[in-house]
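What the coordinates show
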Amino acid sequence: MAAANYLRSEDQFLCSICLDVFTDPVTIPCGHNFCKNCINAHWNTNDQYLCPMCKKVFNTRPELHVNTFISEMVVQFRQSAQQKTSSSSSQKLCAKPGEVTCDVCTGTKLKALKSCLVCLASYCETHLEPHLTMSGLKRHQLIDPVEVNLEDRMCTKHDKPLELFCKTDQTCVCMLCHVLDHKMHDVVPLKEEYEEKKAELGKREAEVQRTIQKRQLKIQEIKHSVDLSEEDADREITEGVHVFTDLNESVERGLKELIETIEEKQRMTLKQAKAFIKELEQEISELKKRGTEIEQLSRSEDHLHLLQSVQSLKAAPPTKDWTEVSVRPSYEGTVGRAVAQLEKTLSKEMKKLLENELKRVQQYSVDVTLNPDTAHSALILSNAGKQVSLGDVRKNLPDNPERFSDSACVLGRQSFSSGKIYFEVQVKGKTDWNLGVARESINRKGVIPLNPQNGNWTIWLTNGNKYEALADRPVLLSLKSRPQKVGVFVDYDEGLVSFYDVGAAALIYSFTGCCFTEKLFPYLCPCLNDGGKNSAPLTISPVRVN
């Protein structure tokens, strides 16, 4: 088969059907020659008896006779070609795993260099030669070798190569399809659509790679968060062990002191009781002695002796009055005082914990400025956007969708949808205020119900002394001191909003278990001026960690 490589000027020895040297060559009436088996197989699979070369149609199936002249020439050719190719055949490279193989090679399959869309076959260097030299085969369309079924690259309706792409129907078509079925459609060469789709795939691949990089960065971020979480957990455990160890020691020490106090009282009571008993026993002894003397004197018949002895009995010292004497100690309040001392120690530890907690959340401070586009028209904002107060009249401002129309409040410019943030608001000098955070979709028009269900998590002061957390049901807050500056901490991922009295380093209130699904914004409301009593502004203060 490889002999064709040496017949660049002897095309006549190749069958145009199998593209190999003739085997039992026959001549049909139009003069073209084919292998006997090749032409029979060709006519057996077609409805017409036509010549594969010139396309001439025969009404009846021609009778085939072997062309003896060509047969003899083929024999000589094979012998000559066999000698020439024996030295070079060993140099042909076999197809490696994964490479497209030649469909014509028998025995060892060589690597295919091209695939023909007309012949629906792939050819190695040797068997490709006829397509490069024979005039009839040169018109065939060659492509880089493909492993897929080449029949899929032919139009099943017209048996033509799929060379065009219909953008209208998003399908590959042949030339006849374009003329007959897709005449008015947007049809472009296959290569043009290929380049466009390839560029599109390149963009999609780049986007996929960017997405992969984002996901990899997210994995690193999560791993880093896990590391930080482990550090936080270790720190909290260490601090918790330290605090509870101190508290346990305080409890044990308090209990020990309580027991020692009670036992000391009991020892003193026992000592006192023994002294009283001893004294009483001495008095009893004296009284018994005196009783004996009285008894003996009362029996005397000697008048003079009795009268003289009675006088000496009257001179005896009187006994002690034991009516008010008691040895039962009072233990009332002993345990209470011990518990009060323990509570004092616990309060001291709690204060230290809250101070440390406040320092930690202050590390998440953000620079908050107020957004004038959201401010009620009666509010007055400072130029820096750090201060808000209520004016006497409404300004003529655009009623944009972001602006609050009825509630005298304003949102911050900064939004957040993950992580932790902290900011502080000075409320000094005010008798009424409301502050916290609100979600982006909070109702800006009309009266705003203040609770988490309607999108805000806030606390407020009313009437100068009533503090409430505006949960679904307001929670009355009992504060030991009046806050001058309120810290607001939000952990978006944990669903936590906490408020702190910055000056007292005390926790005011926490909303827990919140479910945040959209952006959150700082929320401030200075409330009504109350005849000037509440005219002081709310001020975003810089965070200073003590």
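The structure presented is a predicted model; accordingly, all values stated were derived computationally and were not measured.

**Topic: the confidence of the model for the chain**
The share of residues in the chain with pLDDT of 70 or more is 93%, and the mean pLDDT across the chain is 85. Mean pLDDT across the secondary structure elements of the chain bottoms out at helix H2 (residues 68-86), with 72, and peaks at strand S22 (residues 520-525), with 97. The low-confidence segment residues 1-9, where pLDDT is below 50, has 22 contacts with residues more than four positions distant or belonging to other chains.

**Some points on the state of the cysteines**
The final tally for this structure, using the stated rule, is zero disulfides. No disulfide involves Cys-54; its sulfur sits 3.7 Å from that of Cys-51, the nearest cysteine. Of the cysteine sulfurs around Cys-105, a residue in no disulfide, the closest is that of Cys-102, at 3.6 Å.

**Regarding the sheet that holds strand S21 (residues 506-511)**
Sheets are built from strands paired through backbone hydrogen bonds, the pairs being either parallel or antiparallel. Judged by pairing direction, the sheet is antiparallel, and its seven strands sit side by side in the order S11-S12-S23-S14-S19-S20-S21 without closing on themselves. Only two strands of the sheet have a single neighbouring strand rather than two, namely strand S11 (379-381) and S21. Neighbour to neighbour, the strand axes of the sheet diverge by 20 degrees on average, direction disregarded. Where strand S14 (residues 420-426) lies against strand S23 (residues 538-541), three bridges are found, and the strand directions are antiparallel. Residue pairing for S23: Glu-424 is matched across the bridge by Ser-541.

**Looking at the pairing of strand S20 (residues 496-501)**
Most of S20 is tucked away: five of the six residues are buried. Sheet topology places strand S19 (residues 485-491) next to S20; six bridges connect them, and they run antiparallel. Its bridge partner lying in S20, Val-488 is registered against Phe-499. Between S19 and S20, which pair antiparallel in sequence order, lie four residues; one of them, Gly-495, sits at a positive phi of approximately 70 degrees. Of the strand pairs in this sheet, S20 and S21 are connected by five bridges, and their pairing is antiparallel. Within S21, the position partnered with Phe-499 by the bridge is Tyr-509. Connecting S20 to the antiparallel partner S21 that follows it, the hairpin turn spans four residues, and Ala-505 within it adopts a positive phi of roughly 50 degrees.

Parameters at a glance
- Residues numbered from 1 in each chain as written.
- Predicted model: local features only at pLDDT ≥ 70, side-chain atom pairs only at ≥ 80, totals over all residues.
- Heavy atoms only, no water.
- pLDDT = per-residue confidence, 0-100.
- Helix = DSSP H or I, 4+ residues; strand = E, 2+ residues; numbered from the N terminus.
- Contact = heavy atoms within 4.5 Å.
- Disulfide = S-S within 2.5 Å.
- Pairing = 2+ DSSP bridges.
- Axes fitted to C-alpha atoms, helices over the stretch in contact; angles between N-to-C directions.
- Buried < 20%, exposed > 50% of the residue type's maximum accessible area, 1.4 Å probe, protein only.

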